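Results of the structural survey
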Amino acid sequence: MTIPLRFADGYEVTAEAVTFHGLADGKEHVALVLGDPTMAPAPLVRLHSECLTGDVFGSARCDCGPQLREAVERIATTGGILLYLRQEGRGIGLYNKLDAYALQDAGLDTYEANTALGLPEDGRDYTAAAQMLSALGIDELDLLTNNPDKAGQLRELGVPVRFVRPTGVFATGSNVRYLRAKAQHTHHTIALPEPVGLAALAG
């Protein structure tokens, strides 16, 4: 089934949506095939975890919405697949994510807030993603991510990752603390300004 996509900035592209049955976690993940994945030596793939607040409502507390927008265009240009994974809040769910926001407002970072709620820092498991890629006949890929855990898990699951392609950095005054926690705590490849420069981001 094809879906015409249109983003708020006017960018448009058509994606082929693929659904799956029998995935390891039983969730309704979906693949969006963009461009022609057979044209490149290896298709460009992004594992994008669902973020209702960022993807749909445009929350500035994270960089999920801009990353999704960027990924769709980059993948459509080279040919590849976006896996939209139902893993809200790094796997802890929407309500827990909102509870974690309240703790972040009290001074905890995103990882500390999760653990304060008795939840994992990052509860995502990419077994279903590996199953989806296998079902789509992907035997090698270039992965679009700043998160080393995604590439590590895929490789452990037997999915050959040829290259890791970093996403852009979408820092604002509202999300720079969140991005810095990802860079420092889980070694995301995110280059951020030093704290002395943060006032410029808030403007």
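The bond known as a disulfide is covalent and runs between the sulfur atoms of two cysteines. Tallied over the full model, the rule gives 0 disulfides. Free of any disulfide, Cys-62 has its nearest cysteine sulfur in Cys-64, 3.5 Å distant. According to the relative accessible area criterion, Cys-62 is buried, its value standing at 6%. Given the relative accessible area of 14%, Cys-64 is considered buried.

All right, on to the sheet that holds strand E6 (residues 141–144) then. Strand order in this open sheet of 7 strands is E1-E2-E3-E5-E4-E6-E7, and the pairing throughout is mixed. Either end of the sheet is taken by a strand with one partner, and the two such strands are strand E1 (2–6) and strand E7 (161–165). For this sheet the average axis-to-axis angle between neighbouring strands, irrespective of direction, equals 30°. As defined by bridge partners, strand E4 (residues 44–49) adjoins strand E5 (residues 80–85) across 6 bridges and the pair is classed as parallel. Following the sheet pairing, Leu-44 is matched in E5 by Gly-80. In the packing of helix H6 (residues 127–135) onto the sheet, contacts are made with strand E3 (30–34), E4, E5 and E6, and the angle to E5 comes to roughly 145°. Running over the sheet, helix H7 (residues 148–156) touches E4, E6 and E7 and is turned about 170° from E7.

In this section: the nonpolar core. Membership of the largest hydrophobic core comes to 23 residues, with the highest contact counts inside it found for Leu-47, Leu-83, Leu-133, Leu-141, Leu-143 and Leu-154. Only E3, E4, E5, H6, E6 and H7 provide two or more residues apiece to this core. At 5 residues, the largest contribution of residues to this core is made by H6. Every residue in contact with Leu-154, bar those within four places of it in the chain, is listed here: Leu-47, Tyr-126, Ala-130, Leu-133, Leu-143, Val-159 and Val-161. With 17 residues, the next largest nonpolar core counts Leu-5, Ala-15, Ala-17 and Tyr-84 among its residues.

Thresholds applied
Residues numbered from 1 in each chain as written. Predicted model: local features only at pLDDT ≥ 70, side-chain atom pairs only at ≥ 80, totals over all residues. Heavy atoms only, no water. Disulfide = S-S within 2.5 Å. Buried < 20%, exposed > 50% of the residue type's maximum accessible area, 1.4 Å probe, protein only. Pairing = 2+ DSSP bridges. Helix = DSSP H or I, 4+ residues; strand = E, 2+ residues; numbered from the N terminus. Axes fitted to C-alpha atoms, helices over the stretch in contact; angles between N-to-C directions. Contact = heavy atoms within 4.5 Å. Core = buried A, V, L, I, M, F, W, Y, C linked by side-chain atoms within 4.5 Å.

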